[in-house]
Amino acid sequence: MADNSVLTSTEITSLADSSILDSKVTEMSKENLCMASTSNVDEEMLQVETRLILVQDAGKQEELVTAVKTVKIMEVPVIKIKESCPGKSDEKLIKSVINMEIKVPCVKMDSMEEFGGLDSPEFENVFVVTDFQNSVFDDLRKTDCRIVGPPVILNCAQNGEPLPFSCRPLYCTSMLNLVLCFTGFRKKEELVNLVTLVHHMGGVIRKECNSKVTHLVANCTQGEKFRVAVSLGTPIMKPEWIYKAWERRNEQCFCAAVDDFRNEFKVPPFQDCILSFLGFSDEEKNSMEEMTEMQGGSWLPVGDERCTHLIVEENTVKELPFEPSKKLFVVKQEWFWGSIQMDARAGETMYLYEKTNTPELKKSVSLLSLSTPNSNRKRRRLRETLAQLSRETDLSPFPPRKRPSAEHSLSIGSLLDISNTPESSIHYGETPKSCSKSSRSSTPVPPKQSARWQVAKELYQTESNYVNILATIIQLFQVPLEEEGQRGGPILAPEEIKTIFGSIPDIFDVHMKIKDDLEDLIVNWDESKSIGDIFLKYSKDLVKTYPPFVNFFEMSKETIIKCEKQKPRFHAFLKINQAKPECGRQSLVELLIRPVQRLPSVALLLNDLKKHTADENPDKSTLEKAIGSLKEVMTHINEDKRKTEAQKQIFDVVYEVDGCPANLLSSHRSLVQRVETVSLGEHPCDRGEQVTLFLFNDCLEIARKRHKVIGTFRSPHDRTRPPASLKHIHLMPLSQIKKVLDIRETEDCHNAFALLVRPPTEQANVLLSFQMTSEELPKENWLKMLCRHVANTICKADAENLMYVADPESFEVNTKDMDSTLSRASRAIKKTSKKVTRAFSFSKTPKRALRMALSSSHSSEGRSPPSSGKLAVSRLSSTSSLAKCSSQVTFGICEELGAVPSSNGNKPCEV
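Residues numbered from 1 in each chain as written. Predicted model: local features only at pLDDT ≥ 70, side-chain atom pairs only at ≥ 80, totals over all residues. Heavy atoms only, no water.

**Considerations on the overall build of the protein**
When you go through the protein residue by residue, the secondary structure sums to 29 helices and 27 strands. Across the protein, the fraction of contacts at a sequence separation of at least 24, relative to all contacts at a separation of at least 6, is 67%. When the accessible surface of the protein is totalled, it reaches about 50100 Å², and 52% of it is carbon and sulfur. (Helix = DSSP H or I, 4+ residues; strand = E, 2+ residues; numbered from the N terminus. Contact = heavy atoms within 4.5 Å. Areas by Shrake-Rupley, 256 points an atom, 1.4 Å probe, with all protein chains shown as cover.)

As structure tokens, this is what we get:
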């Protein structure tokens, strides 16, 4: 075997930058490999055979022996020996790595005594060792043998890959292609152990932390390497990450860099930090203290000497209550939220709190407050200047040209002040194309401002402010959230971002065009200019862009609230942006509600503009059309929103009712009313069962309360839905309802009603009786609503004829003792008996077969029952008696409604 001892690291050299050695293998081009595989092989290295040697327990594992026979190719290094110089020994370096076929069968080795016979320059030996901590492994490592673990062999056999070359013992490949750097370790033994484990798992160690490092393993949250890793967005890991990965070394296809595994061992932002909070409200303080514990830190009261950081609310705190020590970091709250958002401890120097009561500031304030003889004159001059500025603002809606230093800044009142146009917004990246267009810096002002011009100016001002708000939403919130390569990974999932912002960019583009047209009109103002044409021009665009956002605004709001609670990084992101002047200290939800409010306010301004427009002005009629078009847009939005909410209600019913038919979902169907009832008869379920009726415009869904609640349902987006609380019984078309019975109120009957229905599979009418349990909806209103929709379904105008007032005695309907303990106990016994009967019944007779048997028994009166046992006779007699009872009740119903029973007394026929 060729000697590559210079590539084997000892305990001392393992702490050095191993990338120097590894780069000789990993950074070679494919061209060199191809060259080495042909002519250069003969020049640089003798032709040798490759061979696998199974050491001790490795040769006893059948799976491993089978895998070794499957591996047919092995990577072999090509060694180049430099010419010897005076005073220096020959230096051997790896020139390239080639793939060579394994033609020699594998052999087994039980002890080091056999090593002498196996070590031969004719073979490139690879030793497969199961234990990297026993004496045999140490002996092989000292002799610079090439050693691999069983997972390497099994992985190559499974994936059909060549056996990889490594200049160090390689047990598994769970850290292959990972480049690690260490910081904060004081114990040399611990660091040596960690480096060795990384090498055994295929990882590479670098001494300096730079862009090539994939992970920083930190034992503290300070130091230059830590700061560099934070600035580069490099994941910062705990040492436990390496130990846990080594515990899973025998797992096939395991990778230590997988997010689910890696995120368990990331260094939290506030590790080793003890925080205290000053100037916050009790609610904010409690929230930040809870967030501190979630992010790996702890907190103490203000003034405790053990604190490492004092978080200050700079807007409320004017003076610190004590003199901070040199070890205490006094920082703004932006450091706190920025650390959470980056998922790493941010540098404190950028967020240090500066006192507002410095001696220089006190001196300047005192000089300004002195009452000198010239102070009154200065105040008068200041008042005159402010008055002049206010007059100029009244004359022109356009701002004076800004100084270059203020070109990209926004004031706190930017959401309310026309002087802030989109060109002054911050730039995070690509924004809608309209963002870069600026307003005119001057405009001719009419010699006498008319009321119409004043309203037009106000319309332009509000439109400009609205465009600024939309630009802030896009540039400050949406664009950063959609950016790739965020530190710590994406803050939100793409579907969550789409749900929150929806069609905001499309709305922005439309209103940017409206704002530009209004600006051109105001710059070249003339009383005959038409403002209504502008809104008529973009009415179709408004219809396209607004409904998708307005309809799902509540969902957008709920998504923001949910993500803010569940994702600390998103909460920190909102806190940081809310504190910026561009937002005017408004939350994202408060900004997103502006599109919902915009169109009604535009309609009011156009109506006011119409009032101040002369009748002979052509814009008068155009404004009326524009107002009408805006009302149509808002009507379309409201109608679309109503349909969307109706569809959402149907989906809620489907999720709430277990076994609900899929055909309930239909574009023309809408939920009308939900009624909670109790069954009073044997249909559609047992007496006393809690039944929920869902009235749709064309059908009635009947569901009962579940006796056992099933497990939760998890959607594809990992959102857990509540378990279905209802069980589907029947989906009935309203056309099957023949009569709606209003049961009169008596002492034994309250809030009762019944439905006489004719299922298509039945020959007779079926009576469904219920008692309403909810008091929100009066029974009279519910029955009228039901009759109206039944009449609409069957195309009848006389909905009142469908309702029939009846006495409870006529239909044997009563609600007495429905809530008594005895009644509940009897219902429980009845349910239990049914379960027992079903459990011990080996042949369940269908209902239709039972009816046929009963009808045949009635038609064959006078005949003796077959001699099949007394048990069968008793069953037939009991069922026939029940049939007689039910036939008497049915006869009473038909008699009241004008129906005549048939000859067999069981199936009444309508007249």
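Back to the write-up after that little detour.
**Describing the sheet that holds strand β6 (residues 146–148)**
One open sheet accounts for four strands, arranged β4-β1-β5-β6; its pairing is parallel. In the strand order of this sheet, the two ends are held by β4 (107–109) and β6, each with one partner. In this sheet, neighbouring strand axes are inclined to one another by 35 degrees on average, regardless of whether the strands run parallel or antiparallel. Bridge analysis of strand β5 (residues 123–128) against β6 gives three bridges, and the strand direction is parallel. Bridge assignment links V126 to a residue of β6, and that residue is R146. (Pairing = 2+ DSSP bridges. Axes fitted to C-alpha atoms, helices over the stretch in contact; angles between N-to-C directions.)

**Things to note about the sheet that holds strand β7 (residues 179–183)**
Across a sheet, paired strands are connected by hydrogen bonds in the backbone, their directions being either parallel or antiparallel. Taken together, the four strands give an open sheet; going across it, the order is β8-β7-β9-β10, and neighbouring strands pair in parallel fashion. A strand with exactly one partner marks an edge of an open sheet, and here the two such strands are β8 (204–205) and β10 (236–237). Bridge analysis of strand β9 (residues 215–218) against β10 gives two bridges, and the strand direction is parallel. Looking at β10, one finds that L216 is bridged to I236.

**Brief notes about a nonpolar patch on the surface**
On the surface, F651, Y655 and L665 cluster together to form a nonpolar patch covering roughly 250 Å² of accessible area. Examined against the element boundaries, L665 turns out to sit in the loop between β15 (657–658) and β16 (671–679). (Patch = residues over 30% accessible without salt bridge, like charges linked within 9 Å, V, L, I, M, F, W, Y side chains within 5 Å. Salt bridge = Lys/Arg side-chain N within 4 Å of Asp/Glu carboxyl O.)

**Some words on the confidence of the model for the protein**
Across the protein, the average pLDDT comes to 74, with 68% of residues at or above 70. Confidence drops under a pLDDT of 50 for residues 357–373, and excluding neighbours within four residues, the segment shows five contacts in the predicted structure. Contacts of residues 838–845 to residues separated by more than four positions or lying in other chains number two contacts, the stretch itself having pLDDT below 50. (pLDDT = per-residue confidence, 0-100.)

**Things to note about the packing of aromatic side chains**
Following the criterion strictly, the structure yields 16 aromatic pairs and no others. Seen from their ring centres, F254 and F261 are 5.1 Å apart, and the 85 degrees between their planes marks the pair as edge-to-face. Grouping residues by exposure puts F254 and F261 together as buried. Where F277 meets F280, the ring centres are 6.3 Å apart and the plane angle is 75 degrees; that geometry is what we call edge-to-face. In terms of burial, F277 and F280 fall into one category: buried. One aromatic cluster in this structure is built from F270, F277, F280, W335, F336 and W337. The residue whose ring lies beneath R249 is Y171, and the NZ or CZ to ring-centre distance is 5.7 Å. (Phe/Tyr/Trp six-rings, centres within 6.5 Å; stacked < 30°, edge-to-face > 60°. Buried < 20%, exposed > 50% of the residue type's maximum accessible area, 1.4 Å probe, protein only. Lys NZ or Arg CZ within 6 Å of the ring centre and 35° of its normal.)

**A few points about the pattern of salt bridges**
Side chains that differ in charge, positive against negative, can pair when their charged atoms come close. Following the criterion strictly, the structure yields 23 salt bridges and no others. Where R248 meets E251, a salt bridge forms, and the shortest distance between an N and an O atom there is 3.0 Å. Looking at R248, the relative accessible area reads 30%, which means it is partly exposed. For E348, the salt bridge goes to R345, with nearest N and O atoms at 2.8 Å. The pair E348 / R345 is uniform in exposure class, with both members buried.

**Examining helix α12 (residues 282–294)**
The α-helix winds at 3.6 residues per turn, so residues separated by three or four positions along the chain end up facing the same way. Here α12 spans 18 Å end to end across 13 residues, near enough to the 18 Å set by a 1.5 Å rise per residue. Within α12, the full set of buried residues consists of M288, E289, M291 and T292. Here the buried residues of α12 occupy an arc of 160 degrees about the axis, which is enough to place them on one side. The outward face of α12, more than 90 degrees from its buried face, is lined by the exposed residues D282, E283 and E290. If you follow the buried residues of α12, they end up packed against β11 (274–278), β12 (298–299), β13 (309–312), α13 (333–342) and α22 (568–578). (Expected span 1.5 Å × (residues − 1). Arc of directions from axis to C-beta.)

**A look at the pairing of strand β21 (residues 726–733)**
Examined bridge by bridge, β15 and β21 share two bridges and lie parallel to one another. Paired with V657 across the bridge in β21 is L726. Sheet topology note: the strand β18 (residues 699–705)/β21 ladder contains seven bridges and is antiparallel. Residue pairing across strands places A703 opposite H728, the latter belonging to β21.

**Quick notes on the nonpolar core**
Of all hydrophobic cores here, the largest spans 63 residues; its most connected members are F477, I531, F535, F570, L592 and L606. In contact with F535, not counting residues within four places along its chain, are L459, I514, V602, L606 and A626. Counting 36 residues, the second largest nonpolar core, distinct from the first, contains F115, F137, F182 and A256. (Core = buried A, V, L, I, M, F, W, Y, C linked by side-chain atoms within 4.5 Å.)

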